[in-house]
Amino acid sequence: MPQTQRAVRQVVFVDGVRTPFGKAGPKGVYAETRADDLVIRCIRELLQRNPQLPPERVDDVAIAATTQIGDQGLTMGRVAGLLAGLPKTVPGFSIDRMCAGAMTAVTTTAGGIAFGAYDVVVAGGVEHMGRHPMGEGVDPNPRIVAEKLVDPSALVMGSTAENLHDRYPELTKERCDVFAAASQEKYAKALAAGKFQDVLVPMSARHAEKGYALVTADEPPRPGTTVDDLAALKTPFRVRGRVTAGNAAGLNDGATACLLAAEDVAEELGLPVRMRLVSYAYVGVEPEVMGIGPVPATEKALAKAGLTIEDIGLFELNEAFAVQVVAFLEHFGIADDDERVNPFGGAIAMGHPLASSGVRLMTQLAQHFEEHPEVRYGLTSMCVGIGMGGTVIWENPHWNGESK
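Our subject in this report is the structure included herewith. (Residues numbered from 1 in each chain as written. Predicted model: local features only at pLDDT ≥ 70, side-chain atom pairs only at ≥ 80, totals over all residues. Heavy atoms only, no water.)

1. A few points about the overall build of the protein chain
When helices and strands are counted, the protein chain shows 12 helices and 12 strands. Relative to the 2.2 N^0.38 estimate, which gives 22 Å for 404 residues, the radius of gyration of the protein chain is 20 Å and therefore close to what a compact globule would have. In terms of principal-axis extent, the alpha carbons of the protein chain reach across some 65 × 50 × 50 Å. The contacts in the protein chain between residues at least 6 apart in sequence include a share of 80% that link residues at least 24 apart. Of the roughly 16,500 Å² that the protein chain leaves accessible, carbon and sulfur atoms contribute 53%. Of the charged side chains in the protein chain, 37 are positive and 50 negative, and the gap between their average positions amounts to 3 Å. (Helix = DSSP H or I, 4+ residues; strand = E, 2+ residues; numbered from the N terminus. Rg over C-alpha atoms; globule rule 2.2 N^0.38 Å. Contact = heavy atoms within 4.5 Å. Areas by Shrake-Rupley, 256 points an atom, 1.4 Å probe, with all protein chains shown as cover. Lys, Arg positive; Asp, Glu negative; His and termini not counted. Charge placed at Lys NZ, Arg CZ, Asp CG, Glu CD.)

2. As for empty space enclosed by the protein
A full pass over the atoms with the stated rule returns one cavity of 30 Å³ or more. In terms of lining, the largest cavity is formed by Val17, Arg18, Val199, Val359, Arg360, Thr363, Gln364 and Gln367. Listed by contribution, the elements that provide at least two residues to the lining of the largest cavity are strand E1 (11-18) and helix H12 (357-371). Per element, the largest residue contribution to the lining of the largest cavity is five residues, and it comes from H12. When the residues that make up the lining of the largest cavity are grouped by side-chain class, the tally is three nonpolar, three polar and two charged. (1 Å grid on protein atoms, 1.4 Å probe; cavity = no way out; pocket = protein on both sides within 12 Å on 5 of 7 lines; lining within 4 Å. Points joined across faces, edges and corners; volume = space filled by probe spheres on them. Nonpolar A, V, L, I, M, F, W, Y, C, P; charged D, E, K, R; others polar.)

3. Observations concerning H12
Its 15 residues place the ends of H12 22 Å apart at the C-alpha level, agreeing with the 21 Å of an ideal helix rising 1.5 Å per residue. In terms of burial, H12 is largely enclosed, as 13 of its 15 residues are buried. (Expected span 1.5 Å × (residues − 1). Buried < 20%, exposed > 50% of the residue type's maximum accessible area, 1.4 Å probe, protein only.)

4. Structural notes on the pairing of E1
Looking along a regular strand, one sees side chains alternate from face to face of the sheet. Across the eight residues that make up E1, a large majority, eight, are buried. Pairing between E1 and strand E8 (residues 252-262): seven bridges, direction antiparallel. Residue Gly16 lies in a different strand from E8, and its bridge partner there is Cys258. The pairing of E1 with strand E9 (residues 275-284) spans two bridges and is classified as antiparallel. By the bridge assignment, Val12 is partnered in E9 with Arg276. (Pairing = 2+ DSSP bridges.)

5. Quick notes on the layout of surface pockets
The calculated volume of the largest pocket comes to roughly 980 Å³. Taken together, 39 residues make up the lining of the largest pocket; nearest its centre are Met98, Met134, Leu155, Met157 and Leu354. Here the lining of the largest pocket is composed, by residue class, of 27 nonpolar, eight polar and four charged. For the second largest pocket, the calculated volume is near 180 Å³. Taken together, Lys23, Ala24, Pro220, Arg222, Ala245, Ala248, Ala249, Gly250, Leu251, Asn252, Ala347 and Ile348 make up the lining of the second largest pocket. Looking at the lining of the second largest pocket residue by residue, the class counts come to eight nonpolar, two polar and two charged.

6. A closer look at the pairing of strand E4 (residues 92-95)
Both strand E3 (residues 60-64) and E4 contribute to a ladder of four bridges, which runs parallel. Each bridged residue has a counterpart across the sheet, and for Ala62 the counterpart in E4 is Phe93. Handedness of the crossover is the feature at issue here: the chain leaves E3, passes through helix H2 (residues 76-83), returns alongside E4, and the resulting connection is right-handed. (Right-handed = clockwise from strand over helix to strand, strands pointing away.)

7. Section: the pattern of salt bridges
Applying the stated criterion to the full structure yields 25 salt bridges. The salt bridge partner of Arg242 is Asp166, with a shortest N-O separation of 2.6 Å. A residue pair is termed long-range when its members are at least 10 positions apart, and Arg242 in the loop between helix H7 (227-231) and E8 and Asp166 in helix H5 (residues 157-167) qualify at 76 residues. The partner of Glu330 in a salt bridge is Arg175, with the nearest N and O atoms 2.7 Å apart. Of this pair, Glu330 sits in helix H10 (residues 322-332) while Arg175 sits in helix H6 (residues 173-192), and the two are 155 residues apart along the sequence. Each of the salt bridges in this network shares a partner with another, and the network as a whole consists of Arg9, Arg57, Asp119, Asp264 and Glu268. (Salt bridge = Lys/Arg side-chain N within 4 Å of Asp/Glu carboxyl O.)

Structure representation (structure tokens):
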């Protein structure tokens, strides 16, 4: 008789890396670098960092990209895996949930691990916004707007952030500028303290004007940014608006990748256990205010885990726009400057190459867990284009039992 019941296996986060993030455009460090080469470099680094993992034990490679065209097309998970040196027997696939692409690559393959279909997977994401601007080649069905399913502003992410300001007047531009300046300051302090050395993968890149160079640091940060500097910036999405280039993430290029495994397999192979997956949730919200998505996604993930927001000791929230993060904090009664939130700064400082960012959040949370054994639970959360939100809750394997 076939087995009809399976024990659900514990899924663990083993390791995560990313390339330095670059500025999109002809002057950016990756202007002449292929998107798939960014991913390949990350996968190779994971294999080199974890030599106890036989490459043939990798069961699948899931790589996300929002704009799946050109060097971000052709089932990147499969092609990047082959070019990274994985055996030809290792399959792969591509995935898209816009900004939450890498997050979805993680949760999708985690389900396979829990079910027993996989033992070890590689999951990650890439976005080369210089080569492939958001929306390149898309053809939105005109019925979306014509039948008034969404307001036209729903198709412009900056406009949705302005709409969020409209809906919640307490989320002022001044408040968002203060948050954005703090993100730059926290990033600068973390960089000076060497917090990114273990997760950044140096990338060789060729530039038409600058020649070859080894990229070892993020390009987008603006150290020394002040609130006064931000107050003077233009508001490109609306006259007298509140969203600027300073209180939002920029257009960026970069890639991420991580190893996930069943906990018993990690123990068998001698792989580190850096986080345990607790629960996750995705939700849909009004596309016109997509930035509110992390709120109901977090409420759903907490309910599935039997936890409350008070149980969460560390937060990695994607800073697509400052207003989106501040809306989350306002809803849950968390101070804008709470030290549990984005301790190393966020996307406003280091960049947001769309589909890659989910694993960047997870990699940083794993670092925080190692430094904070008093914290048992943390979460990663982000808003998603066309009106969605995603949240993943993780448990700290280093928890010393001194708090919830």
